[in-house]
Amino acid sequence: MSTKAPFIKDLSLPVIAAPMFLISGPKLVIECCKNGIVGTFPALNQRTSDGFEEWLVEIKTALDTFEKETGKKAAPFGVNLIVHPTNPRLEADIKLCIKHKVPLIITSLGAVSQVVDAIHSYGGLVFHDVIKKRHAQKAAEAGVDGLILVSAGAGGHAGTINPMTLVAEIKKFFYKTIILSGCISSGRDIASALQMGADLAYMGTRFINAEESKATDDYKEMIIASGASDVVYTAAISGVHANFLGASLKAAGITEEDLKKDRKIDFGKEMDTEAKAWKTIWSAGQGVATIENVLPVSTLVNNLKTEFKTSIEEQIKVLEVFPK
Ligand SMILES: Cc1cc2nc3c(=O)[nH]c(=O)nc-3n(C[C@H](O)[C@H](O)[C@H](O)COP(=O)(O)O)c2cc1C
């Protein structure tokens, strides 16, 4: 029996549009799933569990209607849960995921076997995100179905390990689904992720610049204007290292000195919550370097498909020359 997630073969491209705080909502998720890639969102993008349930119902209803009207199969959708004692909504949100049989759960921070068992009870899958081997081993022991390897340069709370090394290191002991995260912005990048040994590509920053994302136009324009060196890796905003657009740090008056500190800046009341901080200071990965537009998801996915195919065809041609 294959140890890989069964839904992969039904996708139009091996892609998950990654969950992003304040960015992903039903509009983005629905469009991704209609176009054959997995759409996801963090449960905490809704302020309450009631609001979270409303989004679940909205997404399920829209995808059911799409399937009935077109006869096509929508890709599964996923929800990101923060599994940590500081998340007071965890229990209630898990109950809602079970009630609505959310196909894919993406856990961050804690990989807990009870959560995995609860999701498996209705046939759901659990992918867990990690930045290093030790976390991956713990998650594997908890029985997760897939590991999301968050490599250097990724948007949000990124890791520091090169993607090739990270995939190779984790594949030595984990035989289930491997999802690579970090700077995957084009169809060629998706093909490269597969070439490295991943089963799926996890794309965040590229989907900030989808028309259906909740990001403001200024945020999207800053992504287009930024290069890889304009992305700053700092713990100053969250207390945990994450990548942010340098121009947004500058606009918020954050100095080089602040950024060097290995801990969160005391912003005072103005930005006393994570949400307030991330609304003002914009996260993105080094993949901004190749993002030059804002597109509807349907066009974006079509472009990715063409680039993916072209790049694999180019690779096959290499075999006419190498190895020799
Ligand atoms: C603005 C932003 C918000 C994010 N919020 C979350 C989040 O709430 N939960 C999570 O698991 N990952 C979050 N991430 C990380 C993404 O899910 C994903 O790992 C990352 O964006 C992939 O790297 P890329 O942006 O280079 O494509 C966020 C990333 C960005 C850019």
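Remember, predicted model here, so these are calculated numbers, not experimental data. (Residues numbered from 1 in each chain as written. Predicted model: local features only at pLDDT ≥ 70, side-chain atom pairs only at ≥ 80, totals over all residues. Heavy atoms only, no water.)

Some details on the overall build of the chain
The number of helices and strands found in the chain is 13 helices and ten strands. Taken over the C-alpha trace, the chain has a radius of gyration of 19 Å; the compact-globule value for 324 residues is 20 Å, and the two agree within 12%. Each principal axis of the C-alpha distribution contributes one length, and for the chain these read about 55 × 55 × 40 Å. Relative to its 324 residues, the chain shows a buried fraction of 51%. Partitioning the intrachain contacts of the chain with sequence separation of at least 6 by distance along the chain shows that 64% fall at a separation of at least 24. Accessible area for the chain stands at about 15500 Å²; split by element, carbon and sulfur atoms hold 54% of it. (Helix = DSSP H or I, 4+ residues; strand = E, 2+ residues; numbered from the N terminus. Rg over C-alpha atoms; globule rule 2.2 N^0.38 Å. Buried < 20%, exposed > 50% of the residue type's maximum accessible area, 1.4 Å probe, protein only. Contact = heavy atoms within 4.5 Å. Areas by Shrake-Rupley, 256 points an atom, 1.4 Å probe, with all protein chains shown as cover.)

Some points on the layout of surface pockets
One simple way to see leftover space: roll a probe sized like a water molecule over the atoms. Its boundaries defined by the atoms lining it, the second largest pocket holds a volume of some 320 Å³. Taken together, 14 residues form the lining of the second largest pocket, with Glu-67, Lys-73, Ala-74, Ala-75 and Pro-76 sitting closest to its centre. (1 Å grid on protein atoms, 1.4 Å probe; cavity = no way out; pocket = protein on both sides within 12 Å on 5 of 7 lines; lining within 4 Å. Points joined across faces, edges and corners; volume = space filled by probe spheres on them.)

A few points about the nonpolar core
Counting 92 residues, the largest nonpolar core has Val-79, Phe-127 and Phe-207 as its most contacted members. With six residues, helix α2 (residues 49–70) is the single largest residue contributor to this core. Two domains each donate at least three residues to this core, and these are domain 1 (8–215 + 292–318) and domain 2 (217–280). (Core = buried A, V, L, I, M, F, W, Y, C linked by side-chain atoms within 4.5 Å. Domains from an automatic or database assignment.)

Regarding the pairing of strand β6 (residues 146–150)
For β6, the tally of buried residues reaches five of five residues, placing the bulk of the element in the interior. The alternating pattern of β6 places Gly-146, Ile-148 and Val-150 and Leu-147 and Leu-149 on opposite faces, both of which are buried. Following the chain from strand β5 (residues 125–130) across helix α5 (residues 133–142) to the adjacent parallel β6, one finds a crossover that is right-handed. Bridge analysis of β6 against strand β7 (residues 177–181) gives five bridges, and the strand direction is parallel. Opposite Gly-146, over in β7, you have Thr-177 as the bridge partner. As for the winding sense of the linkage, the β-α-β connection from β6 through helix α6 (residues 163–171) to β7 is right-handed. (Right-handed = clockwise from strand over helix to strand, strands pointing away. Pairing = 2+ DSSP bridges.)

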